[in-house]
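# Residue-level structural notes
Chain residues, written in single-letter form:
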Amino acid sequence: EFSARAIGSSGINAEYGEIGFGTTKDRMMVIEDCHNSRAVTLFLRGSNTMIVQEAKRSIWDAMCVIRNLVKDNRIVYGGGSNEISCAIAVSDAADKVPSIEQYAMRSFADALESVPMALAENSGLSPFATLAEVKSRQIKENNPRLGIDCMDTGKSDMKEQHVIETLIGKKQQIMLATQLVRMILKIDDVRSPGEGE
C-alpha cells in the first residue's frame, strides 16, 4: 500500500493505478503528478533482447536529434539533396581554380555524391542513373531540395516529402569524414597486403 507519506505530493492515477501487461501478467504501479520533476521514464518491452536493444538505440538517436535542434535549430533537406547541391557547388568552384588543387576539389565533390548513391542503391534504384537524373534536375531547375525518392512517391522534392536533417549533424558528418581522409593522406608509408613478405 502506498500512502501520501510514502510517495509525497505525487498521485496515483486512479484510471491506471496498477496495470498488468504482457503474457506473464507483470504488474506495474503508475505514479503521476510529481511536482518539480523533470524526469521521464520510458518502459521498453520486446519479444527478445535484440528488439529491445534496437528500440533503445532508436530512442537514443531521436534524443540526439532533439539535442542537436536545441543547440542549433537550423535544418537542411535530406535524401541526399544537400550532398548533391554541395557537390555541384564544389565542382563549380573547382572550374575556377587554375592549379592542381582543382583535382582534389573534384574528388571531394565525387565523395559527397557517395551518400545519395548509397541511398539510391539501398532503395533498390540504379545508383548512377538516379544520381545523374537528380543532379541534372537540380542544375536545370535550380532547386537544391531535389533528392533521392527512396519511398518511390514520384516526388523528388524533399521539402514536399518532409525529409529533413539537422544542419549541425550534417556539418559534423562532413567534417569528420574530411578529417579522416586528411589523416589517411598524412601517412607517409602506405603498405599493401602481402607487400614485404
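Described in the following lines is the structure provided in the data block. Since the model is a prediction, treat every value here as computed from it, not as a measurement.

Analysis parameters
Residues numbered from 1 in each chain as written. Predicted model: local features only at pLDDT ≥ 70, side-chain atom pairs only at ≥ 80, totals over all residues. Heavy atoms only, no water. Helix = DSSP H or I, 4+ residues; strand = E, 2+ residues; numbered from the N terminus. Buried < 20%, exposed > 50% of the residue type's maximum accessible area, 1.4 Å probe, protein only. Contact = heavy atoms within 4.5 Å. Areas by Shrake-Rupley, 256 points an atom, 1.4 Å probe, with all protein chains shown as cover. Axes fitted to C-alpha atoms, helices over the stretch in contact; angles between N-to-C directions. Parallel < 35°, antiparallel > 145°, perpendicular 65-115°, else oblique. Left-handed = near helix turned anticlockwise from the far one by under 90°. Patch = residues over 30% accessible without salt bridge, like charges linked within 9 Å, V, L, I, M, F, W, Y side chains within 5 Å. Salt bridge = Lys/Arg side-chain N within 4 Å of Asp/Glu carboxyl O. 1 Å grid on protein atoms, 1.4 Å probe; cavity = no way out; pocket = protein on both sides within 12 Å on 5 of 7 lines; lining within 4 Å. Points joined across faces, edges and corners; volume = space filled by probe spheres on them. Nonpolar A, V, L, I, M, F, W, Y, C, P; charged D, E, K, R; others polar.

### So, the overall build of the protein
- A count of helical and extended segments in the protein gives eight helices and six strands.
- Helices and strands in the protein line up, N terminus first, as α-β-β-β-β-α-β-α-α-α-α-α-β-α.
- Taken over 197 residues, the protein has a buried fraction of 24%.
- Within the protein, contacts between residues at least 6 apart in sequence are counted, and of these 46% link residues at least 24 apart.
- Working note: accessible area of the protein is about 14800 Å², and carbon and sulfur atoms make up 57% of it.

### Quick look at the packing of helix 5 (residues 114-122) against helix 6 (residues 127-141)
- Running from N to C, helix 5 and helix 6 cross one another at 125°; their axes reach a closest spacing of 8 Å. When the interaxial angle is binned, helix 5 and helix 6 end up oblique. Our pair here, helix 5 against helix 6, has a crossing hand that is right-handed. Contact residues: helix 5 offers Pro116, Met117, Ala120 and Glu121, while helix 6 offers Pro127, Phe128, Thr130 and Leu131.

### Things to note about a nonpolar patch on the surface
- On the surface, a cluster of nonpolar side chains totalling about 530 Å² of accessible area is made up of Val65, Ile66, Leu69, Val70, Ile75 and Ile164.
- With four residues, the single largest contributor to the nonpolar patch is helix 2 (residues 49-71).
- In this fold, isoleucine 75 is placed in strand 5 (residues 75-77).
- For isoleucine 75, a relative accessible area of 42% gives the class partly exposed.

### Digging into the side chain of asparagine 68
- If you trace the backbone, asparagine 68 turns up in helix 2.
- With a relative accessible area of 8%, asparagine 68 lands in the buried category.
- Sequence-distant contacts of asparagine 68, that is, excluding residues within four places in its chain, are made with Thr166, Ile168 and Gly169.

### Brief notes about the layout of surface pockets
- By volume, the largest pocket amounts to about 360 Å³.
- Only helix 4 (101-112), helix 5 and helix 8 (167-185) provide two or more residues apiece to the lining of the largest pocket.
- A per-element tally of the lining of the largest pocket places helix 8 first, with eight residues.
- Within the lining of the largest pocket, the residues separate by chemical class into nine nonpolar, four polar and three charged.
- Looking at the second largest pocket, its volume works out to about 260 Å³.
- Lining the second largest pocket are Met28, Ile31, Asp33, Cys34, Ser37, Ala39, Val40, Thr41, Leu42 and Phe43.
- Partitioned by chemical class, the residues of the lining of the second largest pocket number seven nonpolar, two polar and one charged.

### What about the pattern of salt bridges?
- The tally for this structure, following the rule as stated, stands at nine salt bridges.
- Linking lysine 170 and glutamate 83 is a salt bridge whose minimum nitrogen-to-oxygen distance equals 2.5 Å. Here lysine 170, found in helix 8, pairs with glutamate 83, found in helix 3 (residues 81-95); they are 87 residues apart in sequence, far enough to count as distant.
- On the accessibility criterion, lysine 170 (7% relative accessible area) is buried.

### Side note on unusual backbone geometry
- At asparagine 142, a residue that is not glycine, the phi angle is positive and equals roughly 55°.
- Along the chain, the position of asparagine 142 falls in the loop between helix 6 and helix 7 (158-161).
- Even without a glycine there, the phi angle at aspartate 152 is positive, about 55°.
- Considering the arrangement of structural elements, one finds aspartate 152 in the loop between helix 6 and helix 7.
- The exposure class of aspartate 152 is exposed, given its relative accessible area of 64%.

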